[in-house]
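Fold and geometry: a report
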Amino acid sequence: MILLIPGPVTTRAEVRAAMAVDYAPWDDDFRAISRRLRQRVCSLAGGDPVVHTALPLQGCGHFGTEAALRSVLPAGGRILIPMTGSYAERMGRLAREADRVPIPLVVDQNRPVSPAQIGEALRNEPDVTHVGLVYSETSSGVINDAPAIGAAVRAQGRRLILDAVSAFGALPLDLAQQPEIDAAVFTSNKCLEGLPGLVFVVVRNDTLLSPGQAGSWSFDLADILAQAQGDGGGSFRFTPAAQAVAAFDVALDLYDAEGGRVPRLARYRENAHVLWQGMTDIGLRPCLAEADQGPIVVNIHAPPDLVWSLPNFVDALKRRGFTISNFYNTVEPSFRVGCIGNVSPDDMQRFVNAVDEALIELGVVIRRGN
Ligand SMILES: *Cc1c(COP(=O)(O)O)cnc(C)c1O
């Protein structure tokens, strides 16, 4: 079965094999893996080892975003969030429930956020200290230009929290060149093609609040940093998903073997292109113009035919060896297909053929509206 969802992704057998072992997380051999991973991740993010630290946290991406919000923004602090889609909305909710104050900025969800719009919004909001940006908005498939938006934030003397979860490993990130970024968040199970269970927040050591100010011990990155500095960076605070940690180390080896970020992005771009073009060729309508379409996830308008049913379509694709999302996050009905993971343009072409067959099997005749 090939997973074509925007995370967790299809992984290589070598990655999954690392799970078939018992690990003692506090043993010195395992601590060496943890320490190495943190260094690798910091360097992949373009971090300066003196200024930045990669802090690992157990669990999913949202846990990392919550930890970042709580650990760089004081209670009552105001954060401007361009409402790019459901991941931006979630960031707003995480902030609000942590007693931080999200200031939503309405933007066109089908286009990248404009740096000029951010600059103008910040000029009108002098009390806002931070901007919260979703780099790759997984609900729409749009990529926001994080370096250009970061420059607009920097020009206004403000700070940035970056949800890079579905971007990191494929899209560029160079923290040393973006000193306005207080925290960048990403997980093991998206473009880095590891297994779920692990999230990293790369922080600037000099802008973290003091331990205790997060208002949550579990999500206090300053406390996690203190622990990391105390034990030489080799252990998690509390029990990690040890198998996912070990598998991530293998995933990073395979990432390096592929040639790193640039070839990986090129493969994903080609996947997205084959998919976007293939959907068009079989009479379906992608939600975005190809120029605005990012390489991570492609949304396709649901066929307007009365017999269309997303659950039946998902089942028909599963019978053909592909799993896609059984929900959508766009305003109009759509289906979404991930282009990331250990999948190739050939897989995408086979998927296009499977979609064509599935629509015929389900009796969907009208494939696109106007
Ligand atoms: C996947 C994703 C997350 C994290 O999702 P979890 O289910 O919490 O791991 C956060 N932001 C974006 C943009 C994502 O694509």
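As a starting point, this report considers the structure included with it. Within each chain, residue numbers correspond to sequence positions counted from 1 in written order. At least 70 in pLDDT is required for a residue's local features to be given in this predicted model, at least 80 for side-chain atom pairs to be given and counted, and no such filter applies to totals for whole chains, interfaces and linings, which use all residues. For the side-chain quantities, the full set of heavy atoms in the structure was used; hydrogens and water were omitted.

**Quick notes on the overall build of the protein chain**
- Where helices and strands are cited, they refer to DSSP runs of H or I of at least four residues and of E of at least two residues respectively, numbered from the N terminus. Counting its regular elements, the protein chain contains 11 helices and 13 strands.
- A radius of gyration in this sense is built from C-alpha atoms; the matching globule rule multiplies 2.2 Å by the number of residues raised to 0.38. By the compact-globule yardstick of 21 Å for 370 residues, the protein chain fits well, its C-alpha radius of gyration being 21 Å.
- Its C-alpha atoms give the protein chain principal-axis dimensions of roughly 60 × 55 × 35 Å.
- Of the accessible surface of the protein chain, which amounts to about 14,500 Å², a share of 53% is contributed by carbon and sulfur atoms.
- The charge count includes Lys and Arg as positive and Asp and Glu as negative, but it does not include His or the ends of the chains. Lysine's charge is taken at NZ, arginine's at CZ, aspartate's at CG and glutamate's at CD. Considering the protein chain, the positive charge centre built from 33 side chains and the negative charge centre built from 41 side chains are found 1 Å apart. Here, Shrake-Rupley sampling with a 1.4 Å probe gives the accessible areas, and only protein chains in the shown set may cover a residue.

**A closer look at the site of the ligand**
- Note on definitions. A residue lies near a molecule or strand when any single heavy atom of the residue is within 4 Å of it. Taken together, the neighbourhood of the ligand is formed by Cys60, Gly61, His62, Tyr87, Val134, Ser136, Thr138, Asp163, Val165, Ser166 and Lys190.
- We call two N or O atoms a polar contact when they sit within 3.5 Å, provided that within protein one can donate a hydrogen and the other can accept it, with sequence-adjacent residues counted only if both atoms are side-chain atoms. Contact between the ligand and histidine 62: an oxygen atom at 2.5 Å from a side-chain N or O atom of the residue.
- Lysine 190 has a polar side-chain atom sitting 2.7 Å from an oxygen atom of the ligand.
- Expressed as a share of its isolated accessible area of 380 Å², the protein-covered part of the ligand is 85%.
- Looking at the shell around the ligand residue by residue, the classes come out as 4 nonpolar, 5 polar and 2 charged. Nonpolar residues are Ala, Val, Leu, Ile, Met, Phe, Trp, Tyr, Cys and Pro. Charged residues are Asp, Glu, Lys and Arg, and all others, Gly as well, are polar.

**Things to note about the sheet that holds strand E5 (residues 130-134)**
- A sheet is described by the order of its strands in space; here 7 strands give the open sequence E2-E10-E9-E8-E5-E3-E4, paired in mixed fashion. With one partner strand each, in any of the chains shown, strand E2 (52-58) and strand E4 (101-106) form the two edges of the open sheet. Each strand axis lies, on average, 20° off the axis of its neighbour in the sheet, ignoring direction.
- With 5 bridges connecting them, E5 and strand E8 (residues 159-163) associate as parallel partners. Note on pairing: DSSP must find at least two bridges between two strands before they are called paired. A fitted line through C-alpha atoms serves as each axis, taken over the contacting stretch for helices, and the angle formed by two N-to-C directions is quoted from 0 to 180°.

**Quick word on the pairing of strand E3 (residues 78-83)**
- When a residue's accessible area, from a 1.4 Å probe over protein chains only, is under 20% of the maximum for its type it is buried; when over 50% it is exposed; and in between it is partly exposed. Burial of E3 is extensive: 5 of the 6 residues sit out of reach of the surface.
- Crossover handedness for the path E3 to helix H4 (residues 86-97) to E4: right-handed.
- Relative to E5, E3 runs parallel, the two being bridged by 2 bridges. Looking across to E5, one finds that isoleucine 79 is bridged to histidine 130. When the strands point away from the viewer and the path from the first strand over the helix to the second turns clockwise, the crossover is right-handed.

These values are about where atoms sit, not about what they do.
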